[in-house]
Amino acid sequence: MNHLLIDSRGLSTSLRFNEASFFIEPTKPDGHNSSCCAGIYADREVKCTEVPLRNVIYAKVTSGVIEVQYLVRKGKESRLELAMTTGAVQNEDSARVKKWCEALLLAAYQGANPSKNLKVLVNPYGGKGKARASYVSKVEPIFLAAGYTTHGGHAIEIAREMKLGYDALVIVSGDGLIHEVLNGINQHEHRDQAFCIPIAPIPTGSGNGMSLNLLGLQDGLDVCAAALNVLKGQPLKTDLFSFTQGNRRRISFMSQTIGITADIDIDTEHLRWMGDTRFIIGYIRAIIARKSCPIELSMKVVEQDKSRMMDVLHARRAGESPSQSSVPSLFSADKKPDSPSSSHEEWTRFKRPILWMYAGKGPFVSRDLMQFPVSLADDGLIDISIQEITSRRALLRAMDGAEEGRTYWINTNRYFKASAYRARPLAPKGTLVVDGEQVPFEEFQVDVLNGLGTFLAPYPHYAPEFLVRDIEGNT
């Protein structure tokens with residue numbers, strides 16, 4: 001049943017699949033498969049193509065012609081591209097071929113809905129201004145190949161007023177549009193139900209941290225891999241944050257930062273055309289200035305032992321429950337989604353002078369910076385990284401391995417997991433950034449909204465692995 005013989009462009013070709021892969025394999029003139037998955041037939045060199053079953057998009061037979069569409073890796077960067085194999089089948093075999101196509105799709109989608117109703121939001125000005133072109137040329141053909149229904153729209157108003165029948169919200173932009181959409185959903189008439197519609201980012205912005213966290217470094221900036229995640233991904237519940245200033249409240253999903261790192265984000269706005277490289281240039285400039293960040297900062301600290309936090313991360317990724325793991329649980333008691341953390345930790349004030357404070361969820365904030373390497377999607381906590389004042393030389397050295405999370409182990413990088421924190425700027429002027437967007441430079445508080453967010457992901461956890469152990473005895 002898993003094997004099919006077709007006539008593809010004059011070549012007798014075998015199509016078959018197993019539990020892991022789909023194969024397109026030439027056959028010898030006598031109908032037997034060529035050895036080593038390669039052969040010479042009709043004076044042409046042909047080779048076997050193996051495609052991960054997850055990458056199969058669609059298969060159908062119409063009027064004696066079978067079509068199978070799938071994604072294959074090409075080019076130096078090994079990015080995914082849409083490809084198709086077609087071939088003729090005998091009319092008397094049509095019923096059998098139809099069943100073969102159905103079996104292939106059942107195996108390829110593994111229970112996921114192969115026909116989704118998508119709401120697609122495109123930011124034509126995101127990143128290098130190529131979001132719409134990328135969507136039309138690379139992403140939409142994948143959705144159309146899978147037979148998906150798509151509907152366009154514009155950010156916060158659409159999210160606030162959208163119907164609840166969509167299977168996913170596809171965000172063709174960077175992290176900024178995700179922030180807008182979540183705050184639109186927060187104003188929805190049926191807010192709790194709306195938050196259950198999974199969000200799937202297509203990375204076309206200058207900052208694509210969420211896509212990197214869901215798909216990993218290899219695929220996090222690949223729009224075709226992100227489109228495949230829309231088709232095959234499963235809902236991943238994540239914590240969100242309530243960011244409050246006075247009587248104003250907004251939803252944050254990724255980060256809040258004040259000090260040098262916030263200055264970098266805003267001062268390099270004019271360099272968006274450079275993509276993530278803008279942040280490296282901004283960091284070097286900021287090191288030269290090395291401006292301190294006077295701030296009154298208090299946290300409800302749950303954990304600050306770096307080795308233990310890493311052990312808990314690995315235990316969770318291995319599928320261990322707190323009772324199975326030999327390390328203490330970092331997870332808050334079960335809370336109703338959207339209820340701020342109700343833990344009884346005391347407020348602890350951080351009194352040392354600092355250069356910046358970075359708090360958030362998800363390992364990567366950009367391609368070159370794994371800021372929160374031990375972050376867990378739904379632990380009910382926020383990771384807080386505080387950089388104490390140190391030398392310019394030390395700050396420059398910190399760039400080495402920043403994409404692997406090496407800065408986590410630096411002595412002057414104080415790292416906490418907290419159920420809440422609050423901050424009051426002590427300088428008259430400065431920069432405060434939430435999810436890449438500048439907000440008023442005023443006192444604020446952040447509380448965790450446990451499990452309120454929903455994203456599509458290929459794994460039941462964030463994709464990036466943190467493998468760097470402390471080798472210098474830092475704590």
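Everything quoted here is computed from the prediction, not taken from an experiment.

1. Things to note about the overall build of the protein chain
In terms of regular secondary structure, the protein chain is built from 11 helices and 26 strands. Here the protein chain, with 475 residues, has 54% of them falling under the buried criterion. In the protein chain, the proportion of contacts linking residues at least 24 apart, taken out of those at least 6 apart, comes to 75%. When the accessible surface of the protein chain is summed, it comes to about 21,400 Å², and 49% of that surface belongs to carbon and sulfur atoms.

2. Brief notes about the pairing of strand E7 (residues 56-62)
Here E7 pairs with strand E8 (residues 65-74) via six bridges, running antiparallel. The partner of Thr62 across the bridge, within E8, is Val65. Count of turn residues in the E7/E8 antiparallel hairpin: two residues, of which Ser63 carries a positive phi of about 50 degrees.

3. As for helix H4 (residues 175-185)
Here H4 lies mainly inside the structure; 10 of its 11 residues are buried. Taken together, the buried positions of H4 are Asp175, Gly176, Leu177, Ile178, His179, Val181, Leu182, Asn183, Gly184 and Ile185.

4. Focus: the pairing of strand E22 (residues 382-388)
Most of E22 sits inside the fold, with seven of its seven residues counted as buried. Burial of the side chains of E22 extends over both faces: Ile382, Ile384, Ile386 and Glu388 are buried on one face and Asp383, Ser385 and Gln387 on the other. For strand E19 (residues 354-360) and E22, the ladder comprises six bridges, and the chain directions are antiparallel. The partner of Gly360 across the bridge, within E22, is Asp383.

5. What about the nonpolar core?
With 81 residues, the main nonpolar core has Phe22, Ile66, Val68, Trp100 and Phe143 as its most contacted residues. For this core, the element with the most residues is helix H7 (residues 223-232), which contributes eight residues. By size, the runner-up hydrophobic cluster in this structure holds 28 residues, among which are Leu212, Leu313, Phe372 and Tyr408.

6. A few points about unusual backbone geometry
Phi is positive for Ser63, which is not a glycine, with a value near 50 degrees. Note that Ser63 resides in the loop between E7 and E8. Among the residues examined, Ser63 registers a relative accessible area of 72% and is labelled exposed. Positive phi, normally seen in glycine, also occurs at Arg290, with a value near 45 degrees. For Arg290, a relative accessible area of 29% translates into the label partly exposed.

7. Focus on the packing of helix H8 (residues 260-267) against helix H9 (residues 277-289)
Packing of H8 against H9 brings their axes to within 9 Å, and their N-to-C directions diverge by 130 degrees. With respect to each other, H8 and H9 are oriented oblique. When the axes of H8 and H9 are compared, the crossing they make is right-handed. Where H8 approaches H9, its residues Ile260, Ile264 and Asp265 are matched on the opposing element by Arg278, Phe279, Gly282, Tyr283 and Ala286. Residue composition of the contact of H8 with H9, grouped by class: five nonpolar, one polar and two charged.

8. Considering the environment of Ala398
Turning to its location among the elements, Ala398 is positioned in the loop between helix H11 (392-397) and strand E23 (413-425). For Ala398 and Ile410, which are 12 residues apart along the polypeptide, the C-alpha to C-alpha distance reads 8.1 Å. Setting aside anything within four residues of it in sequence, one finds Ala398 in contact with Tyr283, Thr407 and Ile410.

9. Remarks on a nonpolar patch on the surface
Taken together, the side chains of Ile280, Ile284, Ile288 and Leu396 present a nonpolar region at the surface, about 340 Å² in accessible area. Ranked by the residues each element gives to the nonpolar patch, the list is headed by H9, at three residues. By secondary structure assignment, the location of Leu396 is in helix H11.

10. Focus: the packing of aromatic side chains
What describes a pair of aromatic rings is the distance from one ring centre to the other and the angle between the planes of the rings. Counted by the stated rule, this structure contains 14 aromatic pairs. Here the aromatic rings of Trp409 and Phe466 are separated by 6.5 Å at their centres, their planes lie at 20 degrees, and the arrangement is stacked. Of this pair, Trp409 sits in the loop between H11 and E23 while Phe466 sits in the segment after strand E26 (444-457), and the two are 57 residues apart along the sequence. Across this residue pair, the class does not change: Trp409 and Phe466 are buried. Ring-pair connections join several aromatic residues into one group, and the members of that group are Phe17, Phe22, Tyr70 and Trp100. In this arrangement the basic side chain of Arg422 is found over the ring face of Trp347, its NZ or CZ atom lying 3.9 Å from the centre.

11. Details of the pattern of salt bridges
Per the stated rule, a full pass over the model turns up 19 salt bridges. Put simply, Arg79 and Glu77 hold a salt bridge, and the shortest N to O gap is 3.4 Å. The partner of Lys417 in a salt bridge is Asp379, with the nearest N and O atoms 3.2 Å apart. Of this pair, Lys417 sits in strand E23 while Asp379 sits in the loop between strand E21 (369-370) and E22, and the two are 38 residues apart along the sequence. Classification of Lys417 as buried rests on a relative accessible area of 0%. With relative accessibility at 2%, the residue Asp379 sits in the buried group. Here the residues in one salt-bridge network are Asp239, Lys361, Asp379, Asp383 and Lys417, joined through shared partners.

12. Some thoughts on the packing of helix H2 (residues 131-145) against H7
Two elements in contact, H2 and H7, have axes whose closest approach is 9 Å; the angle formed by their N-to-C orientations is 25 degrees. For the element pair H2 / H7, the angle class is roughly parallel. When the axes of H2 and H7 are compared, the crossing they make is right-handed. In this structure, H2 uses Lys138, Val139, Ile142 and Phe143 to contact H7, whose residues at the interface are Val223, Cys224, Ala227, Val230 and Leu231.

13. Regarding the side chain of Lys232
With respect to the helices and strands, the residue Lys232 is situated in helix H7. The side chain of Lys232 is buried and forms no salt bridge, while Asp219, the nearest opposite charge, is found at 13 Å. In this structure the side chain of Lys232 is engaged in a polar contact, spanning 3.1 Å, whose partner is the backbone oxygen of Ala108. Apart from residues no more than four positions distant in its own chain, Lys232 is found in contact with Leu53, Arg54, Asn55, Val56, Ala108 and Tyr109.

Scoring rules and cut-offs
- Residues numbered from 1 in each chain as written.
- Predicted model: local features only at pLDDT ≥ 70, side-chain atom pairs only at ≥ 80, totals over all residues.
- Heavy atoms only, no water.
- Helix = DSSP H or I, 4+ residues; strand = E, 2+ residues; numbered from the N terminus.
- Buried < 20%, exposed > 50% of the residue type's maximum accessible area, 1.4 Å probe, protein only.
- Contact = heavy atoms within 4.5 Å.
- Areas by Shrake-Rupley, 256 points an atom, 1.4 Å probe, with all protein chains shown as cover.
- Pairing = 2+ DSSP bridges.
- Core = buried A, V, L, I, M, F, W, Y, C linked by side-chain atoms within 4.5 Å.
- Axes fitted to C-alpha atoms, helices over the stretch in contact; angles between N-to-C directions.
- Parallel < 35°, antiparallel > 145°, perpendicular 65-115°, else oblique.
- Left-handed = near helix turned anticlockwise from the far one by under 90°.
- Nonpolar A, V, L, I, M, F, W, Y, C, P; charged D, E, K, R; others polar.
- Patch = residues over 30% accessible without salt bridge, like charges linked within 9 Å, V, L, I, M, F, W, Y side chains within 5 Å.
- Salt bridge = Lys/Arg side-chain N within 4 Å of Asp/Glu carboxyl O.
- Phe/Tyr/Trp six-rings, centres within 6.5 Å; stacked < 30°, edge-to-face > 60°.
- Lys NZ or Arg CZ within 6 Å of the ring centre and 35° of its normal.
- Lys, Arg positive; Asp, Glu negative; His and termini not counted.
- Polar contact = N/O pair within 3.5 Å; in protein donor to acceptor, adjacent residues only side chain to side chain.

Coordinates in, geometry out; function isn't part of it.
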